[in-house]
Amino acid sequence: MFLSSKLLRASSVQVAMKAAASGSKQGGGGAGGKKVVVLGASGGIGQPLSLLLKESPLIGKLALYDIAHTPGVAADLSHINTISQVTGYLGPDQLKEALAGAHVVIIPAGVPRKPGMTRDDLFNTNASIVRDLADAIAKACPEALIGIISNPVNSTVPIASEVLKKRGVYDEHRVFGVTTLDVVRANAFVAEKKGLDPQQVNIPLIGGHAGVTILPVISQATPSVQFGADELDKLTKRIQDAGTEVVNAKAGAGSATLSMAYAGARFVFSLLKGLNGEKNVIECAYIKSDVTDASYFATPLLLGKKGWEKNFGLGKLSDYEKQLLEKALPELKASIKKGEDFVNSTYKMK
């Protein structure tokens, strides 16, 4: 099986597309563009994600890696008349070359979720994949920013972090769990309910990236919105269960691939803007954290030249949101421990 996968401003992708047409003034394109590597580029998320990345002037080199089909994906994308140069890499023997000189590595590699499966059901397969890819990153491009889409994110981010620690190259400011899809969904669902432009809506998402650990902070929405208690609870549960909504709608044919690709591209663009020195680039992401009792936690972050520069924390939560947080923490802690224990029991340095 080849590597496939499941993944604060909603206009980030469109902004990058407009910049592609007019030319970037922030160091993108040509020799000044950054190198981005997609690990799992042939999969259900990897292909549309790579297409979106190909359109960005912020990227000078786009390296696509998988264990099957990448030469074809790379050849297909290379025919698009945008500035980035696309190269495809196939199999473990070419992984080091794919990663060399990377500024950003995005990881949608793994198996997709099917009806009846939870994100934790993916653990055994995806945990090994993320462990091994993190080890390759530690050796080939230890200073790259790493965005992890592979589920269960609540565990795979600790897995990657533990591997980087064992290699002596861990920097908590450079490792991110990509929870952007939860933000995108919350923005879309709230906008639909209130008749708003979804590109102008921003809902902070905190916690993790699975079920009850996904905490939409609707009380901090921009613009401000109000919901009755029952409606708020239904909306929150829809955001938390949105991945399952897609899995069931696809009836066994896949999981959230297109929306995750969109969200993943948005997050990569934000990382690149931060690297290029653009000010006030803010995204929510799942990182090593001390804002709660959970050692990893998603919050809004200020992105910069070395990864995340400021953690904005929880902000003021409503009583309802405090209850959600209390419910989420035990599950989040268990997922983190599961990831850390996996590395400690299976990782062998080569």
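What you see is a predicted model; the values in this text were computed from it and never measured.

The rules we used
Residues numbered from 1 in each chain as written. Predicted model: local features only at pLDDT ≥ 70, side-chain atom pairs only at ≥ 80, totals over all residues. Heavy atoms only, no water. Helix = DSSP H or I, 4+ residues; strand = E, 2+ residues; numbered from the N terminus. Buried < 20%, exposed > 50% of the residue type's maximum accessible area, 1.4 Å probe, protein only. Areas by Shrake-Rupley, 256 points an atom, 1.4 Å probe, with all protein chains shown as cover. Domains from an automatic or database assignment. Contact = heavy atoms within 4.5 Å. Buried area = accessible area lost by both parts, 1.4 Å probe. 1 Å grid on protein atoms, 1.4 Å probe; cavity = no way out; pocket = protein on both sides within 12 Å on 5 of 7 lines; lining within 4 Å. Points joined across faces, edges and corners; volume = space filled by probe spheres on them. Nonpolar A, V, L, I, M, F, W, Y, C, P; charged D, E, K, R; others polar. UniProt positions renumbered as here; feature names shortened; annotations may be inferred. Polar contact = N/O pair within 3.5 Å; in protein donor to acceptor, adjacent residues only side chain to side chain. Expected span 1.5 Å × (residues − 1). Phe/Tyr/Trp six-rings, centres within 6.5 Å; stacked < 30°, edge-to-face > 60°. Lys NZ or Arg CZ within 6 Å of the ring centre and 35° of its normal. Salt bridge = Lys/Arg side-chain N within 4 Å of Asp/Glu carboxyl O.

To continue, consider the overall build of the protein chain. Along its length, the protein chain carries eleven helices and eleven strands. Each principal axis of the C-alpha atoms in the protein chain carries an extent, and together these give about 55 × 50 × 40 Å. The proportion of buried residues among the 350 residues of the protein chain is 56%. Of the roughly 14,200 Å² of accessible surface on the protein chain, a fraction of 52% belongs to carbon and sulfur atoms.

With that settled, consider the domain arrangement of the protein chain. Interface extent is often summarised as the accessible area lost during association of the parts. You can read the domains of the protein chain as domain 1 (34-178) and domain 2 (179-335). Of note, the centres of domain 1 and domain 2, computed from C-alpha atoms alone, are 21 Å apart. In this complex, domain 1 contributes 38 residues to the contact, which on the side of domain 2 involves 44 residues. Summed over both partners, the interface of domain 1 with domain 2 comes to about 3,500 Å²; 67% of that surface belongs to carbon and sulfur atoms.

Empty space within the largest pocket amounts to approximately 500 Å³. Mapped by element, the contributors of at least two residues to the lining of the largest pocket are helix 4 (95-99) and helix 5 (123-140). The greatest single-element share of the lining of the largest pocket, amounting to nine residues, is contributed by helix 5. Looking at side-chain class alone, the lining of the largest pocket contains ten nonpolar, two polar and seven charged residues.

On to the environment of lysine 139. With respect to the helices and strands, lysine 139 occurs in helix 5. When the C-alpha positions of lysine 139 and arginine 167 are compared, they lie 8.0 Å apart, and in sequence the two are 28 residues distant.

Next up on the list: the UniProt feature "active site" (unreviewed entry) in the protein chain. Mapped onto this structure's residue numbering, the UniProt feature "active site" (unreviewed entry) falls at His209. You can see histidine 209 is positioned in the loop between strand 7 (205-207) and strand 8 (214-216). A distance of 2.7 Å separates polar atoms of two side chains, one belonging to histidine 209 and the other to aspartate 182.

For helix 6 (residues 153-166), which comprises 14 residues, the first-to-last C-alpha distance of 20 Å matches the rise-based estimate of 20 Å (1.5 Å per residue) to within 8%. Judged by how many residues are buried, helix 6 sits mostly within the fold: twelve of 14 residues are covered. Within helix 6, the full set of buried residues consists of Val153, Asn154, Ser155, Thr156, Val157, Pro158, Ile159, Ala160, Ser161, Glu162, Val163 and Leu164. Its buried side turned inward, helix 6 meets helix 5, strand 5 (145-148), strand 6 (175-177), strand 9 (281-288), strand 10 (296-304) and helix 11 (319-346). One or two steps after helix 6, the chain reaches glycine 168, where phi turns positive at roughly 75°.

Here we take up the packing of aromatic side chains. Per the stated rule, a full pass over the model turns up three aromatic pairs. Considering the side-chain rings of phenylalanine 123 and phenylalanine 342, the 5.5 Å spacing of their centres and the 85° angle between planes classify their relative orientation as edge-to-face. With phenylalanine 123 in helix 5 and phenylalanine 342 in helix 11, this residue pair connects regions lying 219 residues apart in the sequence. Neither residue differs from the other here; phenylalanine 123 and phenylalanine 342 are each classed as buried. Relative to phenylalanine 267, the ring of phenylalanine 176 has its centre 5.5 Å away and its plane inclined at 70°; by these criteria the two rings are edge-to-face. A residue pair is termed long-range when its members are at least 10 positions apart, and phenylalanine 176 in strand 6 and phenylalanine 267 in helix 10 (residues 258-275) qualify at 91 residues. Between lysine 194 and the ring centre of phenylalanine 227, over which it is positioned, the NZ or CZ distance is 4.4 Å.

Attention shifts here to helix 10. Taking 1.5 Å as the rise per residue, helix 10 with 18 residues should run 26 Å; its terminal C-alpha atoms sit 26 Å apart, in good agreement. Counting buried positions along helix 10 gives 15 out of 18 residues, so the element sits mostly inside the fold.

Under the counting rule described, the total for this entry stands at ten salt bridges. Salt-bridge contacts for lysine 139 lead to aspartate 135; the nearest nitrogen and oxygen are separated by 3.6 Å. Here aspartate 135 and lysine 139 lie together in helix 5, a separation of four residues that amounts to about one turn. For the salt bridge of arginine 238 with glutamate 192, the shortest nitrogen-to-oxygen distance reads 3.5 Å. In this pair, arginine 238 is assigned in helix 8 (residues 229-240) and glutamate 192 in helix 7 (residues 180-194), connecting sequence segments 46 residues apart. One continuous salt-bridge network, built from bridges that share partners, spans Asp135, Lys139 and Arg167.

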